[in-house]
Amino acid sequence: MSVSPFLCAPSSAWADDISSSETLFEMSDRVSYAPTYFQQYNPLTAADMVNQLPGFNLIEESGDRGFGQGQGNLLINGKRPSTKSNKPEELLKRIAAETVVRIEVLREGSSELSGQSGLIANVITDSESSLSGSFLAGVYFHEEGMVRPEARLSIGGNIDNFSYNVDLSLDVWKHEESGEENVRNADFNLTEIRAEQRNVHNRTPKLNINLGWNGDNGDVANLSLQAFYYKHNFHETSDQFMAQGTVAGDLLRMIETRSGEDEYTYEIGGDYTTDFAGGSMKFIGLRRREDSRFFTHYDDTAEDGSFFRYNSRRQPIESETILRTLYTTEPTTGHVLEWAIEGAFNTLDTTSTFQEDTGSGFQDVLLSGSNTRVEERRAESSLLYVLPLGKKLRFQTSVAVEYSELSVSGNDNNTRSYVRPKGFAALTFDATVETQFRGRIDRKVGQLNFFDFASRRDISQGQTDSGNTELVPEQLWRFELTAEHRFSPKNVTTLTVYYETFEDYNMLVPLAGGGQGIGNVDGAKNKGITLTSTWMLDSLGVNGGKLDFAGTYQDSEIKDPFTGIFRHFDWQEQWQIEITFRQDIQNTNWAWGLNYWDNTELPGYRKDRINKGPFGPNYFAYVEHKDVLGMTLTAKYYNAFGRTMQYNREFFAPDRLGGFDGGEFRSLRRGGYFNIQLAGKF
């Protein structure tokens, strides 16, 4: 499907709902939204506009293998951004709203994102615009007394055939949780009461530079650079008392844990597109490197003065290099053929040190498999074909094969290679002007987490995971059916059901020697349903009101590798809902809104324990004024009544087939916080 822009008149069924200057509709291809549609929201960036598209949600880049499986659902000027680290919303925040000509919601997919057959947002910008930009400055005030800033500055424009954008941002995150943990024995009697407090402080300064060139001959080139520094600090204290009935008695010990990370990351990506042999040839390249430094210091001091101290340091270096070439042609109208080849080289090099002190000074502790180098060399070839089957039915399919050589060196050297088929087939059927059905079958190969090849230890949780050099990528079949009904361009409801079966599913398994680590399990299944809906509320008397709903429910099944009993996936998000309300008060510059988010995360399992962590809902209310000296002022209040975080661990002896052997039941409270933002454009 070509994504070349064109506009069509709206359907007569919707003529009373919109004017042609707001939204233009084309039955079998796209819905196109002009800037006037977003005027009531006073958008500053393209992100503000895309977030108001009815029935559309941005898909975060999933971390899939390379570029070949068509990640995300965002195009900019009909082209896929040549980046993996940049989130779609971050890309959109760098585009000034005044440079957006229109936003198209593609209903048939795009050859630029060959792995997507659902809705895709295509943001069309003005290539003639001069210097423009946007800025944001804000501050958060936490109930516990913490203050944290946020800031962003983005500048871009065009000079002749060249375009440029420079974006600087600072994200800071802090939170504090405090509460109590109760420890119970095998008879469920209360034995200890622990006073717990934890603090988290993250900060990320980030630089992004994007350059583009549109040649007079139609050639297009893009170059992007991202560099950022991520600083993470974690501090936790636990004062542990003997329980006397239901109250704290004598102090037993004091435990303090400090951990953190310093991460330096850069990514360089680029692409070049030129006409070739009646079609177009596109070359894509990407290089990413992430250099991290982790540390943990653990201090357990008993009331009698005895102590146990532990230090660990880990220094992983990750890199990814991708080269991709694809040729796209349209031999006859509506028939699209794409052939692509891709090569990738991924590495992880990690070294770790562990030390313990029980009173005689720190001594080195060896952990087999903790110093490891992993390399993957991968090649892939794919063929995509798009075929119209009349006016209402379209078919697209992709057949691909990948070759991968995986080598692990360290304590256990291992080199393996394998060939994996993958691809998809998708049908799109326009039942009516307003109703569309989409069906899809996928064969996917998952991306390995290279850290699973290396052994690691979490002293505060009392657990060690062994590295597994025999690990292979999981594979899955996914069957999906989607029904979308547009009651109008502004009122859209979409329902999707899916079913997945896995081979070589990655999860915690028992390993040789008595340890446990990530391994492969066959026979995993997962099914789910998602519902999204957008409704403008003017017809209900709420002028300028808009309600968005997004909900997901899923259920899985896998045979537990420790017990042989069927259960759900570890830490699976069983359900999630998000409800967003916004009202732009007519004939004023005021708007206000509410947001509510909640989910249920199922437990995670180890050989002898079950870990649970329900976190409770997250919600906020806000008020906005769209013209404070030409800027937008927004005030938000998050979690006004606080948020309760549960962390529970239940132990069994000798394993989960045995009896209950005690547990730790923690309830911590995180207070609310207030945010004020001032944003503008120039």
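## So, unusual backbone geometry
Residue Ala 653 is joined to Pro 654 through a cis peptide bond whose omega torsion reads -5 degrees. Within the secondary structure, Pro 654 sits in the loop between strand 35 (643–653) and strand 36 (659–670). The phi torsion at Asp 160 lies on the positive side, around 55 degrees, for a residue other than glycine. Turning to its location among the elements, Asp 160 is positioned in the loop between strand 7 (147–159) and strand 8 (162–184). Although it is not a glycine, Ala 277 adopts a positive phi angle of roughly 50 degrees. The topology assignment puts Ala 277 in the loop between strand 11 (247–276) and strand 12 (279–302). The exposure class assigned to Ala 277 is exposed, which follows from its relative accessible area of 59%.

## As for the side chain of Arg 198
Note on placement: Arg 198 falls in strand 9 (residues 190–214). Owing to a relative accessible area of 12%, Arg 198 belongs among the buried residues under this scheme. A distance of 2.9 Å separates the side chain of Arg 198 from the side chain of Glu 236, its partner in a polar contact. Of the polar contacts made by the side chain of Arg 198, one reaches the side chain of Tyr 647; its length is 3.4 Å. Setting aside anything within four residues of it in sequence, one finds Arg 198 in contact with His 175, Glu 176, Glu 177, Phe 234, His 235, Glu 236, Tyr 647, Arg 666 and Leu 668.

## Topic: the pattern of salt bridges
Counting across every chain of the model gives 52 salt bridges. Where Lys 206 meets Glu 90, a salt bridge forms, and the shortest distance between an N and an O atom there is 2.9 Å. On the criterion of sequence distance, the pair formed by Lys 206 in strand 9 and Glu 90 in helix 2 (residues 88–93) is long-range, its members being 116 residues apart. Where Arg 293 meets Asp 291, a salt bridge forms, and the shortest distance between an N and an O atom there is 2.4 Å.

## What to know about the pairing of strand 4 (residues 100–106)
Burial analysis of strand 4 places 6 of its 7 residues in the buried class, which makes it a mostly covered element. Across 6 bridges, the pairing between strand 4 and strand 5 (residues 120–125) is antiparallel. Directly across from Val 100, in strand 5, lies its bridge partner Thr 125.

Calculation notes
Residues numbered from 1 in each chain as written. Predicted model: local features only at pLDDT ≥ 70, side-chain atom pairs only at ≥ 80, totals over all residues. Heavy atoms only, no water. Helix = DSSP H or I, 4+ residues; strand = E, 2+ residues; numbered from the N terminus. Buried < 20%, exposed > 50% of the residue type's maximum accessible area, 1.4 Å probe, protein only. Polar contact = N/O pair within 3.5 Å; in protein donor to acceptor, adjacent residues only side chain to side chain. Contact = heavy atoms within 4.5 Å. Salt bridge = Lys/Arg side-chain N within 4 Å of Asp/Glu carboxyl O. Pairing = 2+ DSSP bridges.

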